[in-house]
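# Survey of secondary and tertiary structure
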Amino acid sequence: MTALSSALVARLRRNLLRHYDRHQRDLPWRRTSDPYAIWVSEVMLQQTRVETVRERWTQFLERFPDLAVLARAREQSVLKAWEGLGYYRRARSLHKAAKVVLAEHGGRLPDEVDALRALPGFGDYTAAAVGSIAFGRRAAVVDGNVIRVLTRLLDDDGDVTRAATKRRIQAAADRLLAPRRPGDWNQALMELGATVCTPRSPSCLLCPLQRDCAGRAAGRAEELPVKPARGPTPHHDIAAGLVWRGDRLLIARRPADGLLGGLWEFPGGKRRDGESLAEACVREVREETGLEVTSPEPFLSLDHAYTHFRITLHLFHCVSEHGTPRPLGCEAPRFVSVDELDRYPFPRANRRALDALQTAGAGGHPRA
Ligand code: SF4
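This text gives an overview of the structure that appears in the document. All residue numbers refer to positions counted from 1 along the written sequence of the respective chain. Where local features are concerned, this predicted model is filtered to residues with pLDDT of at least 70; where side-chain atom pairs are given and counted, the filter is 80 or more; whole-chain, interface and lining totals use all residues. Side-chain figures throughout are based on the complete set of non-hydrogen atoms in the structure, without hydrogens or water.

Counting secondary structure elements, the chain contains 14 helices and seven strands. In terms of overall dimensions, the chain has a C-alpha envelope of 75 × 50 × 35 Å along the principal axes. If you take every contact in the chain between residues at least 6 apart in sequence, the share linking residues at least 24 apart comes to 68%. To measure how exposed things are, a 1.4 Å probe is used in the Shrake-Rupley method; for residues, cover is taken only from the protein chains shown. Summed over its atoms, the accessible surface of the chain is roughly 18,000 Å², and 48% of this surface lies on carbon and sulfur atoms. Taken together, the 56 basic and 45 acidic charged side chains of the chain have centroids lying 5 Å from each other. A helix here means a DSSP run of H or I that spans at least four residues, while a strand means a run of E at least two residues long, and both kinds are numbered starting from the N terminus. Contact criterion: two residues are considered in contact whenever any of their non-hydrogen atoms come within 4.5 Å of each other. Neither His nor the chain ends contribute to the count of charged residues, in which Lys and Arg are positive and Asp and Glu negative. Working definition for charges: the position is that of NZ of Lys, CZ of Arg, CG of Asp or CD of Glu.

Now the structure itself:
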């Protein structure tokens, strides 16, 4: 692995910042100095593509223009504004942190990295990103893009999931951080990873660091970073009910502390071995809400991928004649009209089913 001499560090800083000054993307959050707005952008940018964030960041700030408005909003409104962005834990943490900042910091984000890190949802990455970009603190960010650039630049072939490699990368990021422009440096390094030093076919000929890149010199930039091989992605069949009572549909909220917590969905769950999808649908509705449903009829099957697994969601129209839904494996189950569904935040797979339902017309009810 390449040692970072003072001369090399100075040259790398100079070359990358010059490149950034000339070629940086025009992104709306780069035109503000409002720490709250910068924080929202950094949270959104984790796990979401820049092009998506561009539009959604503006909409989110129109809905919650400052930290106090966000802190006082209902969680459901925040989740609704986040709908479709995925990784909803980010939205819940953003909301929680806003409440803490309002209660304990007078509504202003603290400007020290350690104080930021103490807020809900602020890991090392967010604390360093907000600290450096909004407040000029000397904190180096390490995300997937930075890991890729640095392992290639330094020709580090250690497994990046191992603690020793992580420590080496963090040490290199700390050493390289440009002390007078830490926020720009961090953004420049991340942007280089996103636009030039891409996972496949890096554009080394356009790269401002090519002269000093040890991975390129060794002819193995594309093999870095080294990660352990992943096994096959698990797949689950999920059966769920579009449970009708008259022209109203049954929905329920997912428990707050799990995957997609706080979002609404049609009751359902994993099919068990030996069970038909229709049987799984009837059983899941019963286990989650205590309701007995009859005559499940297939409506739609759709595929959806999460980070660590894939699902096929199979939806069945079915009917519940009587009984009050109970929160057995869910929260706040209720019947609502099709028009009311738009007020509730749904995970993406359920939202796609809803769109299909609304497109089907007549509420999509097979007996309407
Ligand atoms: Fe990445 Fe190529 Fe630049 Fe090295 S020269 S940092 S591999 S784009």
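Whenever a helix is involved, its axis is fitted only over the stretch in contact; in every case the axis is a line through C-alpha atoms, and angles between N-to-C directions fall within 0 to 180 degrees. Where helix α1 (residues 6-23) contacts helix α11 (residues 182-195), the axes come no closer than 9 Å and their chain directions differ by 80 degrees. Here α1 is positioned roughly perpendicular relative to α11, judged by the angle of their axes. Only D184, W185, Q187, A188, L189, E191 and L192 of α11 make contact with α1, whose side of the interface consists of L12, R13, L16, L17, H19, Y20 and H23. When grouped by side-chain class, the residues that make up the contact of α1 with α11 number eight nonpolar, three polar and three charged. An angle counts as roughly parallel when it lies under 35 degrees, as roughly antiparallel when it exceeds 145, as roughly perpendicular when it falls between 65 and 115, and as oblique in every other case. Amino acid classes used here: Ala, Val, Leu, Ile, Met, Phe, Trp, Tyr, Cys and Pro are nonpolar; Asp, Glu, Lys and Arg are charged; the rest, including Gly, are polar.

Okay, the nonpolar core next. Counting residues in each nonpolar core, the largest one holds 74 residues, and the members touching the most others are Y36, W39, F60, W82, L109, F122 and L150. Among the elements that line this core, the one with the most residues is helix α2 (residues 35-45), at seven residues. In plain words, nonpolar cores are sets of buried Ala, Val, Leu, Ile, Met, Phe, Trp, Tyr and Cys residues tied together by side-chain atoms within 4.5 Å. The classification of residues rests on relative accessible area computed with a 1.4 Å probe and restricted to protein chains. Under 20% of the type maximum is buried, over 50% is exposed, and intermediate values are partly exposed.

With that settled, the discussion passes to the environment of R175. Mapped onto the secondary structure, R175 falls in helix α10 (residues 163-176). Here R175 falls in the partly exposed class, since its relative accessible area comes to 34%. Between the C-alpha atom of R175 and that of A140, which follows or precedes it by 35 residues, the distance is 8.7 Å. If we ignore the near neighbours within four places in the chain, the residues touching R175 are L4, S5, S6, V9 and R13.

The N-to-C vectors of α2 and helix α6 (residues 89-104) enclose an angle of 155 degrees; their axes lie 10 Å apart at closest approach. On the basis of the axis angle, α2 is roughly antiparallel to α6. Like other packed secondary-structure pairs, α2 and α6 cross with a definite hand, here right-handed. Between α2 and α6, the residues in contact are W39, V40, V43 and M44 and R90, L94, A97 and A98, respectively. The handedness criterion is simple: a crossing whose near helix is rotated anticlockwise from the far helix by less than a right angle is left-handed, and one whose near helix is rotated clockwise is right-handed.

Interpretation note: all reported values are geometric properties and have no functional meaning in isolation.
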